[in-house]
Amino acid sequence: SQQGEEDPQALSIQEGENATMNCSYKTSINNLQWYRQNSGRGLVHLILIRSNEREKHSGRLRVTLDTSKKSSSLLITASRAADTASYFCATDAYSGAGSYQLTFGKGTKLSVIP
Amino acid sequence: DSGVTQTPKHLITATGQRVTLRCSPRSGDLSVYWYQQSLDQGLQFLIQYYNGEERAKGNILERFSAQQFPDLHSELNLSSLELGDSALYFCASSVGAGGHTDTQYFGPGTRLTVL
């Protein structure tokens with residue numbers, strides 16, 4: 001079952017513009033992570049934000065987390081054509097018996113037009 | 001390159017058959033995770049092994065099984081294959097047993113086509 005739901009499903013922007021993707025989830029989480037996937041390739045880990053953090057930066061990426069609203073956003077600033085990919089949020093939550101499970105949303109497909 | 005390797009890259013087989021997918025984790029990682037990615041279901045967690053033992057189970061069908069060997073590589077066995085099993089199968093690895101800040105590193109995937 002999906003825990004995170006990304007919005008929008010698809011986003012098309014011009015190179016140099018900022019791209020914002022949102023993620024909503026349903027249950028309590030340990031942390032939330034964002035991954036990138038180029039077409040048909042493996043997922044690449046971008047950033048992790050803990051449940052007690054509100055904002056995190058990594059290069060051109062900025063992630064926010066609002067646990068009261070159960071939502072997160074990923075901002076990519078000054079986008080480049082190479083940023084074209086699908087972006088997934090993944091929620092890490094305790095799943096019982098001492099184990100944690102990462103649950104992925106269906107992703108936002110970002111197209112950056114040169 | 002994440003350091004996680006998966007073989008084969010592509011696999012084409014017929015309904016009813018059995019296949020084995022192989023994964024080698026990054027050096028030093030003790031956990032291996034298997035995921036299935038299809039267009040309609042998205043990325044679904046199947047199962048996790050930690051240091052040779054099953055650690056967590058997700059949406060894994062009874063026709064599917066996995067194991068992790070003493071050298072920490074893992075195999076995912078899919079049997080009695082159906083058309084709906086066609087998907088990308090990813091393996092990921094992490095240092096610990098999961099949770100907290102344990103980042104998962106994904107392999108390039110195996111594309112399975114069932115005809």
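None of the values given here were measured: they were computed from a predicted structure.

### Points about the pairing of strand E8 (residues 74-78) of chain B
Moving residue by residue along a regular strand, the side chains alternate between the two faces of the sheet.
Residue and element names in this part refer to chain B.
Right, on to step 1. The buried fraction of E8 amounts to 5 of the 5 residues, a majority that puts the element mostly inside the structure.
Right, on to step 2. Neither face of E8 is left uncovered, since the one carrying Ser74, Leu76 and Leu78 and the one carrying Glu75 and Asn77 both have all their residues buried.
Right, on to step 3. Two strands pair when backbone bridges link them, and strand E3 (residues 19-24) and E8 are joined in this way by 5 bridges, in the antiparallel orientation. Residue Val19 lies in a different strand from E8, and its bridge partner there is Leu78.
Right, on to step 4. With 5 bridges connecting them, strand E7 (residues 64-68) and E8 associate as antiparallel partners. The residue of E8 that forms the bridge with Phe64 is Leu78.
Right, on to step 5. Connecting the antiparallel pair E7 and E8 is a turn made up of 5 residues, with Leu72 showing a positive phi of about 80 degrees.

### What to know about the side chain of Glu53(A)
Right, on to step 1. Its place among the elements puts Glu53(A) in the loop between strand E5 (43-50) and strand E6 (55-58).
Right, on to step 2. Within the structure, the side chain of Glu53(A) is placed 2.8 Å from the backbone nitrogen of Arg50(A), a separation counted as a polar contact.

### A closer look at the sheet that holds E3(B)
Residues and elements named next belong to chain B.
Right, on to step 1. Within the open sheet, the 4 strands sit side by side as E1-E3-E8-E7. Their pairing is antiparallel. Lying at the two open borders of the sheet, with one neighbouring strand each, are strand E1 (5-7) and E7. Pairs of neighbouring strands in the sheet enclose a mean axial angle of 15 degrees, with direction left out of account.
Right, on to step 2. Across 3 bridges, the pairing between E1 and E3 is antiparallel. Bridge assignment links Thr7 to a residue of E3, and that residue is Arg22.

### Focus: the pattern of salt bridges
Right, on to step 1. Within the structure shown, the criterion is met by 7 salt bridges over all chains.
Right, on to step 2. Close ionic contact of Glu53(A) with Lys56(A) constitutes a salt bridge, the shortest N to O distance being 4.0 Å.
Right, on to step 3. Residue classification places Lys56(A) among the partly exposed positions, given a relative accessible area of 27%.
Right, on to step 4. Across the pair Asp85(B) and Arg63(B) runs a salt bridge, and its minimum N-O distance is 2.8 Å. On the criterion of sequence distance, the pair formed by Asp85(B) in the loop between E8 and strand E9 (87-94) and Arg63(B) in the loop between strand E6 (53-57) and E7 is long-range, its members being 22 residues apart. Here the two residues Asp85(B) and Arg63(B) agree in accessibility, since each one is buried.
Right, on to step 5. One salt-bridge network, in which partners are shared between bridges, spans Arg50(A), Glu53(A) and Lys56(A).

### Considerations on the environment of Asn38(A)
Residue and element names in this part refer to chain A.
Right, on to step 1. Relative to the helices and strands, Asn38 resides in the loop between strand E4 (31-37) and E5.
Right, on to step 2. Since its relative accessible area comes to 27%, Asn38 is described here as partly exposed.
Right, on to step 3. Residues Asn38 and Tyr87, 49 residues apart in the sequence, show an inter-C-alpha distance of 8.8 Å.
Right, on to step 4. Polar contacts involving the side chain of Asn38 include one to the side chain of Arg36, which spans 3.4 Å.

### Here's the deal with the side chain of Gln37(B)
Right, on to step 1. Take Gln37(B): it is sitting in strand E4 (residues 31-38).
Right, on to step 2. With residues near it in sequence (within four places) discarded, Gln37(B) still touches Gln37(A), Phe88(A), Gly42(B), Leu43(B), Ala87(B), Leu88(B) and Phe90(B).

### Side note on the state of the cysteines
All names here are of chain A.
Right, on to step 1. Scanning all chains against the criterion turns up 2 disulfides over all chains.
Right, on to step 2. With a sulfur-sulfur separation of 2.0 Å, Cys23 is cross-linked through a disulfide to Cys89. Sign of the S-S torsion, about 60 degrees for the bond between Cys23 and Cys89, identifies this disulfide as right-handed. Taken as a pair, Cys23 in strand E3 (residues 19-24) and Cys89 in strand E9 (residues 85-96) lie far apart in primary sequence, 66 residues in all. Comparing Cys23 with Cys89, the two get one shared label, buried.

### What about the packing of aromatic side chains?
Right, on to step 1. Per the stated rule, a full pass over the model turns up 8 aromatic pairs over all chains.
Right, on to step 2. Between Phe104(A) and Phe106(B), the aromatic rings sit 5.9 Å apart at their centres with planes inclined by 90 degrees, giving edge-to-face as the arrangement. Pair noted here: Phe104(A) is in strand E10 (residues 99-104) and Phe106(B) is in strand E10 (residues 105-106), and the two residues belong to different chains. A single burial state applies to Phe104(A) and to Phe106(B), both of which are buried.

Conventions used here
- Residues numbered from 1 in each chain as written.
- Chains lettered and ligands numbered in written order.
- Predicted model: local features only at pLDDT ≥ 70, side-chain atom pairs only at ≥ 80, totals over all residues.
- Heavy atoms only, no water.
- Buried < 20%, exposed > 50% of the residue type's maximum accessible area, 1.4 Å probe, protein only.
- Helix = DSSP H or I, 4+ residues; strand = E, 2+ residues; numbered from the N terminus.
- Pairing = 2+ DSSP bridges.
- Polar contact = N/O pair within 3.5 Å; in protein donor to acceptor, adjacent residues only side chain to side chain.
- Axes fitted to C-alpha atoms, helices over the stretch in contact; angles between N-to-C directions.
- Salt bridge = Lys/Arg side-chain N within 4 Å of Asp/Glu carboxyl O.
- Contact = heavy atoms within 4.5 Å.
- Disulfide = S-S within 2.5 Å.
- Phe/Tyr/Trp six-rings, centres within 6.5 Å; stacked < 30°, edge-to-face > 60°.

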